Amino acid sequence: MFQNMKKILVSLAALLAAAAVMSAQNMADATELAKLANDSLSEGNYETALAGFKEALQMAEACGDEGLELAATCRDIIPKTMNAIAKGELQAKNYDAAIAKFQETIAVAQEYGDEETAAKARDLIPQIYMQKGGALLNAKEFEGAAEAYAKVLESDPANGIAALRYGMSLENSGKAAEAEEAYKLAAANGQEKNANAQLGKMYLKRSAASLKAKKYGDAIQEALTSNEYVANPQCLQIAGQASQLSGKNADAIKYFEQYLEAAPDAKNSGQIAYTVGALYQQAKNNAKAKEYFSKAVSDPKFGADAKKALDALK
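Computed from a prediction, not measured in an experiment: that's the story for all the values here.

*Asks:* Residue-level account of the pattern of salt bridges, with values.
*Replies:* All told, the structure shown has 11 salt bridges when counted by the stated rule. Where glutamate 115 meets arginine 122, a salt bridge forms, and the shortest distance between an N and an O atom there is 3.3 Å. The partly exposed category is assigned to glutamate 115, whose relative accessible area is 43%. For lysine 254, the salt bridge goes to aspartate 251, with nearest N and O atoms at 4.0 Å. You can see lysine 254 and its partner aspartate 251 sitting in helix α12 (residues 249–262), 3 residues apart, about one turn around the helix. By relative accessible area, which is 29% here, aspartate 251 ends up partly exposed. Members of the salt-bridge network, linked through shared partners, are Asp76, Lys80 and Asp114.

Quick look at the structure:
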């Protein structure tokens, strides 16, 4: 029995000695791999460096206590190397790839306790979505741009510029109601002037389309809403035209007079003055009719008719 025990102890000693030799060899290999990876890192070969550090980490971890220091070094370098790879994708404007790489960096950095690198990567992701949205908006790929800006707003709802561009993307995608909400969000977050300009243009387009479609009530309301966001004589002209065509002559006179006051030197001021004169004449207000016909007598197209109307009212 004691003889058998002696054999077991000898075998165990031999096994431990072999393991020690193997462990030493593995540490040597791991250290060499880490050195090669560091050389690749210095040369800017980040993918090669990352693969080397990952393999060195596995080997160091397998060496137990002897590999603790090297393993810690690899865990420190790996997230930073992954961050550099992600930045390379961003510089190449591979936005989706960059986002994916930064997300991988965040996960690994958190696993290894590198919150600083995780935070840097996390902060960059909204900026990438902003860049992606801008590129798609410029390329008139409006739905994709809207998706990118929506991602920015998920993490930063107070980003007025993102909200403004989100509204532009939605509007050009035919989503007017959603665009209006985005513009209002932009206005509430430092972009009031730009947002109101966009809302004014949006409602002006809608009013012109409603006028063309003979939806006169809509045209009036949309024109007036546009004018509330940004004062624009064209809004008053559309409101006047829609009112006249719908038989609301008193309203037509009011909006046309406001138009002439806002744009006295407009090319069509003579035409509008003649129209107002005719509307006042229909309302049997000859004094006002004369006033506006007089403003139209110098118009090259309507001047002759305005003079005839004045002569008839004498």
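*Asks:* Which residues make up the nonpolar core, and what values do they have?
*Replies:* With 36 residues, the main nonpolar core has Phe102, Ile128, Tyr129, Tyr149, Ala162, Tyr183 and Met202 as its most contacted residues. Within the residue set of this core, elements represented by two or more residues are α3 (68–91), α4 (95–111), α5 (115–138), α6 (142–155), α7 (160–172), α8 (176–187) and α9 (192–212). Among residues more than four places away in sequence, those in contact with tyrosine 129 are Ile99, Ala148, Lys151 and Val152. Counting residues in hydrophobic clusters, the runner-up holds 21 residues, among them Ala263, Leu279, Tyr280 and Ala309.

*Asks:* Outline the environment of arginine 165, supporting the account with residue identities and numerical values.
*Replies:* Relative to the elements of secondary structure, arginine 165 occurs in helix α7. For arginine 165, the contacting residues outside a window of four places in its chain are Met130, Leu137 and Tyr149.

*Asks:* Lay out the packing of α9 against helix α10 (residues 216–229) with the relevant residues and their values.
*Replies:* As a packed pair, α9 and α10 sit with axes 8 Å apart at the nearest point and diverge in direction by 160 degrees. One finds that α9 runs roughly antiparallel with respect to α10. The two elements α9 and α10 meet at a crossing, and its hand is left-handed. On the side of α9, the interface is formed by Asn196, Leu199, Gly200, Tyr203, Leu204, Arg206, Ser207, Ser210 and Leu211, while α10 contributes Tyr216, Asp218, Ala219, Glu222, Ala223, Thr225, Ser226 and Tyr229.

*Asks:* Describe α9, naming the residues involved and giving the relevant values.
*Replies:* Its 21 residues give α9 an end-to-end C-alpha distance of 30 Å, which sits within 8% of 30 Å, the value for a rise of 1.5 Å per residue. Here α9 has its buried residues at Ala195, Asn196, Gln198, Leu199, Gly200, Met202, Tyr203, Leu204, Ser207, Ser210 and Leu211. Looking at the buried residues of α9, the elements they touch are α7, α8, α10 and α11 (233–245). Just beyond α9, the residue with positive phi is lysine 214, at close to 65 degrees.

*Asks:* Break down a negative patch on the surface for me, citing the residues and quoting the values.
*Replies:* A cluster of like negative charges, contributed by Asp29, Glu32, Asp39 and Glu43, occupies part of the molecular surface. By the secondary structure assignment, aspartate 29 is in helix α1 (residues 2–42).

*Asks:* Now, about the layout of surface pockets: what can you tell me, with residues and values included?
*Replies:* By volume, the largest pocket is sized at about 160 Å³. Leu137, Phe142, Met168, Glu171, Asn172, Tyr183, Gln198, Lys201 and Lys205 are the residues that line the largest pocket. Among the elements of the structure, α7 and α9 are those that each provide at least two residues to the lining of the largest pocket. Broken down by class, the residue content of the lining of the largest pocket amounts to 4 nonpolar, 2 polar and 3 charged.

*Asks:* With reference to specific residues and values, describe the state of the cysteines.
*Replies:* Under the counting rule described, the total for this entry stands at 0 disulfides. Between cysteine 74, a free cysteine, and cysteine 63, which holds the nearest cysteine sulfur, the sulfur-to-sulfur gap is 11 Å. For cysteine 74, a relative accessible area of 1% puts it in the buried group.

*Asks:* Quick rundown of α4? Include the residues and the values.
*Replies:* In an α-helix, one full turn covers 3.6 residues, which means residues spaced three or four apart are oriented alike. Between its terminal C-alpha atoms α4 stretches 24 Å, which fits the 24 Å expected from 17 residues at 1.5 Å a residue. Residues Tyr95, Ala98, Ile99, Phe102, Thr105, Ile106, Val108 and Ala109 constitute the buried set of α4. Structurally, α4 contributes buried residues whose contacts are with α3 and α5. The first or second residue beyond α4 is glycine 113, which carries a positive phi of 80 degrees.

*Asks:* How would you summarise the packing of aromatic side chains if you had to cite specific residues and measurements?
*Replies:* Applying the stated criterion across every chain yields a total of 4 aromatic pairs. Residues tyrosine 280 and tyrosine 292 carry aromatic rings whose centres are separated by 5.9 Å and whose planes lie at 25 degrees to one another, so their mutual orientation is stacked. You can see tyrosine 280 sitting in helix α13 (residues 269–282) and its partner tyrosine 292 sitting in helix α14 (residues 286–296), a full 12 residues away along the chain. For the pair formed by tyrosine 280 and tyrosine 292, the shared burial category is buried. Here a set of aromatic residues connected by ring pairs shows up, and it is made of Tyr274, Phe293 and Phe302. Lysine 295 extends its terminal NZ or CZ atom over the ring of tyrosine 292, reaching a point 4.4 Å from the ring centre.

Reading the values: the criteria
- Residues numbered from 1 in each chain as written.
- Predicted model: local features only at pLDDT ≥ 70, side-chain atom pairs only at ≥ 80, totals over all residues.
- Heavy atoms only, no water.
- Salt bridge = Lys/Arg side-chain N within 4 Å of Asp/Glu carboxyl O.
- Buried < 20%, exposed > 50% of the residue type's maximum accessible area, 1.4 Å probe, protein only.
- Helix = DSSP H or I, 4+ residues; strand = E, 2+ residues; numbered from the N terminus.
- Core = buried A, V, L, I, M, F, W, Y, C linked by side-chain atoms within 4.5 Å.
- Contact = heavy atoms within 4.5 Å.
- Axes fitted to C-alpha atoms, helices over the stretch in contact; angles between N-to-C directions.
- Parallel < 35°, antiparallel > 145°, perpendicular 65-115°, else oblique.
- Left-handed = near helix turned anticlockwise from the far one by under 90°.
- Expected span 1.5 Å × (residues − 1).
- Patch = residues over 30% accessible without salt bridge, like charges linked within 9 Å, V, L, I, M, F, W, Y side chains within 5 Å.
- Areas by Shrake-Rupley, 256 points an atom, 1.4 Å probe, with all protein chains shown as cover.
- Lys, Arg positive; Asp, Glu negative; His and termini not counted.
- Charge placed at Lys NZ, Arg CZ, Asp CG, Glu CD.
- 1 Å grid on protein atoms, 1.4 Å probe; cavity = no way out; pocket = protein on both sides within 12 Å on 5 of 7 lines; lining within 4 Å.
- Points joined across faces, edges and corners; volume = space filled by probe spheres on them.
- Nonpolar A, V, L, I, M, F, W, Y, C, P; charged D, E, K, R; others polar.
- Disulfide = S-S within 2.5 Å.
- Phe/Tyr/Trp six-rings, centres within 6.5 Å; stacked < 30°, edge-to-face > 60°.
- Lys NZ or Arg CZ within 6 Å of the ring centre and 35° of its normal.

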